[in-house]
2 protein chains.
Amino acid sequence: MSETLADSVDMARLSTEDADFEARLDALLAWEGVSDAEVQQRVADIIAAVRRRGDAALIEYTGRFDRLSVSTMDELTLGGERLERAYVGLPAEQREALARAAERIRVYHERQRPTSWSYVEEDGSVLGQQVTPLDRAGIYVPGGKAAYPSSVLMNAIPAHVAGVREIVMVVPTPDGVINELVLAAAHLAGVDHVFTIGGAQAVAALAYGTETVPRVDKIVGPGNIYVATAKRAVFGQVGIDMIAGPSEILIVSDGGTDPEWLAMDLFSQAEHDEDAQALLVSWDERHLTEVEAAIVKLLPTLEREEIVRQSLARRGALIRCRDRNEAVCLINRIAPEHLELSMAEPEALLPEVRHAGAIFMGRYTAEALGDYCAGPNHVLPTSGTARFSSPLGVYDFQKRSSVIHCSEEGASTLGAIASVLARGESLTAHARSAEYRIKE
Amino acid sequence: MSETLADSVDMARLSTEDADFEARLDALLAWEGVSDAEVQQRVADIIAAVRRRGDAALIEYTGRFDRLSVSTMDELTLGGERLERAYVGLPAEQREALARAAERIRVYHERQRPTSWSYVEEDGSVLGQQVTPLDRAGIYVPGGKAAYPSSVLMNAIPAHVAGVREIVMVVPTPDGVINELVLAAAHLAGVDHVFTIGGAQAVAALAYGTETVPRVDKIVGPGNIYVATAKRAVFGQVGIDMIAGPSEILIVSDGGTDPEWLAMDLFSQAEHDEDAQALLVSWDERHLTEVEAAIVKLLPTLEREEIVRQSLARRGALIRCRDRNEAVCLINRIAPEHLELSMAEPEALLPEVRHAGAIFMGRYTAEALGDYCAGPNHVLPTSGTARFSSPLGVYDFQKRSSVIHCSEEGASTLGAIASVLARGESLTAHARSAEYRIKE
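Reading the values: the criteria
Going along each chain's sequence as written, the residues are numbered from 1 onward. Chain letters and ligand numbers both follow the written order, the letters beginning at A and the numbers at 1. Whole-chain, interface and lining totals are the exception, using all residues; otherwise, since this is a predicted model, local features are given only for residues with pLDDT of at least 70 and side-chain atom pairs are given and counted only at 80 or more. The side-chain values count all of the structure's non-hydrogen atoms but skip hydrogen atoms and water molecules. Note on definitions: salt bridges are taken to be side-chain nitrogens of Lys or Arg within 4 Å of carboxyl oxygens of Asp or Glu. Each helix is a run of DSSP H or I of at least 4 residues and each strand a run of E of at least 2, with the numbering of both proceeding from the N terminus. Stacked, tilted and edge-to-face are the three classes applied to pairs of Phe, Tyr and Trp rings, where Trp contributes its six-membered ring and a pair requires centres within 6.5 Å; stacked means planes under 30 degrees apart, edge-to-face means over 60, and tilted covers the rest. Charge-over-ring placement is defined geometrically: NZ (Lys) or CZ (Arg) within 6 Å of the ring centre, and within 35 degrees of the ring normal. UniProt positions are given in the numbering used here, feature names are shortened, and annotations may be inferred rather than shown by experiment. Note on definitions: a residue-residue contact is assigned when non-hydrogen atoms from the two residues lie within 4.5 Å. Residues below a pLDDT of 70 in either copy are left out; the C-alpha atoms of the rest, at least 70 in both, set the least-squares superposition of the copies. The term buried area means the drop in 1.4 Å probe accessible area that two parts suffer when joined, counted for both and summed. Whenever a nitrogen or oxygen atom comes within 3.5 Å of another N or O atom, the pair is scored as a polar contact, on the condition that within protein one atom can donate a hydrogen and the other can accept it, and that pairs from neighbouring residues in sequence are kept only if both atoms are in side chains. For this classification, Asp, Glu, Lys and Arg are treated as charged, while Ala, Val, Leu, Ile, Met, Phe, Trp, Tyr, Cys and Pro are nonpolar and the rest, including Gly, are polar. Here, any two strands with at least 2 DSSP bridges between them count as paired.

S.K.: Help me out: how do you make sense of the pattern of salt bridges in this one?
M.R.: A side chain of one charge can pair with a side chain of the opposite charge if their charged atoms are brought near each other. In the structure shown here, the tally under the stated rule is 60 salt bridges over all chains. One salt bridge in this structure joins Glu271(A) and Arg304(A), with 3.9 Å as the shortest N-O distance. Taken together, the positions of Glu271(A) in the loop between helix 10 (259-270) and strand 11 (277-282) and Arg304(A) in the loop between helix 11 (285-298) and helix 12 (305-315) put the pair 33 residues apart, joining distant regions of the chain. With a shortest N-O distance of 2.6 Å, Arg82(B) and Glu180(B) are connected by a salt bridge. Taken together, the residues Arg82(B) in helix 4 (residues 80-88) and Glu180(B) in helix 7 (residues 180-189) connect sequence positions 98 residues apart.

See the structure below:
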């Protein structure tokens, strides 16, 4: 079977038996979020200016890029009271939903906290690791159309649960437009204060500090290509989370889920933006055709119909595979950000899933539930990076110190081994330092 | 008190009471391992060539940079048998020391393994995280004078303990010089095969794969500025560990440790290279003077005297502080890679240490013991990055997937919350996907 176009949806239909399947899948998955030399140079200039001129540079760039004319950083600062006011001022239904989501996210993340540990050896030596929170975290929140309060909860609550002493948020407010839901979420999530700045200049301020913006230890949160480039540039000076690509979902269906549900699950991914990716895999050909029909039927009812159409046409696909085992191979090859196992007994398949950001099990667990309020984080590895990275979590806001306490006896034993190895590496001061601890 | 030069050691002596103390400490700590535009461009060219021409580019660069003239990748490949042969061929004392170190490192790292977890909510929904190993890890090992077998153990054993399916090592062998100890360590640590390539070309090969070198999921291990620049460039395509700066130690002494022991502990850091940093802090002025005298006395006895002299002169210091509390402030400000608490009852101070890569407790725990065989990893965050990062560990070779399995009841409850929040973000397909799961 090759590509078939339904009456009014331009979405690839593939089969793993197609001769060109591998090449077509590669082309669909291809994504490289690399910034060109011009963007890199502009970002380097902005970072240098913020390091050199601090607040003055921030004020200047905010005037230029966000069209905000201010004379002091005070005008770009929102304190805890302002955040609380935003929360109190929300309509009751939104306030309640936000609070319940925050509570569920907090409960889930509390289970994630790594703990210090140690053990004592026979000779009395103690070995272990001490876990401590970061002193200060910076949360980047995009402004404008992509300003999502849920994203504030997902980025800030893990930091708060980790015990981070101070959580600083930056969010650009182009033309002075403030999103009250975003501020309310910041209040709920334990953000200490907010600067209404954005772009590479905000990343530079968080990484190096200015007269007003405190230097943080780690910067998390999504942003445009300037933000991503700046995060990559300051990596090492501060910690950063992964640099996110477009959002994606891979749904594996056994054919038993309502086709309209699946169509809407695909749409919920595709509506993010034109580069978002929505893939459905099934070994049931008839089912794929039913989902395609549901897509055709429901597409015209969507508010974001045009974005969804473009996303499905550019990066979406309905894929027929031979069987369940081939579906597992596709999952592990794609390493999707979101994986829906829309089937009976998804538990049976779970142990075979090696790479996925988040796994939504069964017909009832729509990805949208996880995006907002199930509890797990919605900041997830994209573009196949689930091969080596994890959902944002409490562990991202803590770090470990090794702890070694040798007894006199233990130091003597270890000293003899270290001496041989150090001399093998021609590091004789290492060897002599160890040898001092060998008992006569 | 200001800087005093001892008879024959050029090492700063500072006091926290000096008017210019803050500025001088800042200058001592300053380190920025940023590569210039020329290095970046050369690295970008090398990466592009390896992506385009694969093995052919590797063979060409290895000829140019390592002066190895080969015609096939076979000649740059060492299999498991060759590694075992290196191990068997070692002198007994070295073989035994290496094996005991490997065993201790393995035992320690086995305690580090994160585990999958889940919990069931009242309505039957299940939430948790599934922990899985990386499929394939790449270990970069520097060649030439800095080829350290201990580094092979420290980088590869955590990957092996994590359950990584395939561990690939790269090590350049300039002029064909092979270090048998390095290969023996690779055998002990569970490395599957070795390619004798290095530099940015080796990093590119691991990140993107060639006809011969398999694409890995994460690259760890130290290297020169080309290696570091290449790792930064491929970050996102693969995972990487931290980009390491020069090695450092901060020793806090209560005055009760033998000055010669402390001098040698400082030397063991300083002998790494001219940029290494060795700092000693004490509130006991007389003790600092005694350590200084021991430095003067022992320096001429060192094999690497010249490197140590330069390192101490450029980046070393003996620092007098007011008291124990001020020492704690210095620790947390410096966030040292290695911290020696050379004192009675270091346990009392431990909870106050917020930032340090590894903490060596008491007078017997020389850093050198931890470098080789105590068990904890010697790959540690440098240049103050202990503020936000951790020793290399098993957790670096595993990742997590969120698992969400909503019951029908749970999906209905969550659907109502998600619907409100999604509509607040104008993501109506998200809302409708959630609403399908609300029970009538």
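S.K.: What's the story with the packing of aromatic side chains in this structure? I'm lost.
M.R.: Each aromatic ring pair is summarised here by two numbers: the centre-to-centre distance and the angle between the ring planes. Evaluated as defined, the whole model comprises 13 aromatic pairs over all chains. Arranged with centres 6.2 Å apart and planes meeting at 20°, the rings of Tyr436(A) and Trp261(B) form a pair that is stacked. Placement of the pair is Tyr436(A) in the segment after helix 16 (428-435) and Trp261(B) in helix 10 (residues 259-270), with the two residues belonging to separate chains. Aromatic ring contacts, followed pair by pair, group Tyr108(A), Trp117(B) and Tyr119(B) into a single cluster. The residue whose ring lies beneath Arg64(B) is Phe65(B), and the NZ or CZ to ring-centre distance is 5.7 Å.

S.K.: Got a minute to help me understand the UniProt feature "binding site: substrate" (unreviewed entry) in chain A in this structure?
M.R.: All names here are of chain A. Mapped onto this numbering, the UniProt entry annotates "binding site: substrate" (unreviewed entry) at Ser 247, Gln 269, His 272, His 338, Asp 371, Glu 425 and His 430. Across 184 residues, the annotated set is spatially dispersed, with a maximum C-alpha separation of 56.1 Å. Its location among the elements puts His 338 in strand 13 (residues 338-342). What His 338 contacts, discounting residues up to four positions off in sequence, is Ser 247, Glu 248, Ile 249, Leu 250, Gln 269, Ala 358, Phe 360, Glu 367, Asp 371 and Leu 380.

S.K.: Looking at this model, I keep getting lost on the relation of the copies chain A and chain B. Mind explaining?
M.R.: Two copies of one chain are present, and they are related through a rotation about an axis combined with an axial shift. Each copy of the sequence occupies a distinct position, and chain A is placed on chain B by a rotation of 180° and an axial shift of 0.0 Å, giving an RMSD of 0.0 Å. Here the copies are linked by what is in effect a two-fold axis. When C-alpha distances to the rotation axis are compared across chain A, the minimum falls at Arg232(A), with a value of 4.0 Å. A high fraction, 100%, of the interface residues of chain A reappear at the interface in chain B, so the copies pair face to face through one surface.

S.K.: Teacher, can you tell me more about the interface of chain A and chain B here?
M.R.: Size of an interface: often given as the accessible area lost when the parts come together. Taken together, the contact pairs 124 residues of chain A with 124 residues of chain B. Among the residues chain A hides against chain B, the three largest losses belong to Tyr372(A), Arg387(A) and Arg437(A). Together they make up 7% of the total. Summed over the shared surface of chain A and chain B, the number is 8 salt bridges. Between Arg104(A) and Glu121(B) there is a salt bridge; the shortest N-O distance is 2.7 Å. Inspection of the chain A/chain B interface yields 71 residue pairs in polar contact (both at pLDDT 80 or more). When residues in the side of chain A that touches chain B are grouped by element, the largest group, 11 residues, is from helix 15 (residues 408-424) of chain A. Looking at the side of chain A that touches chain B residue by residue, the classes come out as 62 nonpolar, 33 polar and 29 charged. Note: strand 15 (residues 398-405) of chain A against strand 14 (residues 358-361) of chain B, 3 bridges, orientation parallel. Within strand 14 of chain B, the residue paired with Val403(A) across the bridge is Ile359(B).

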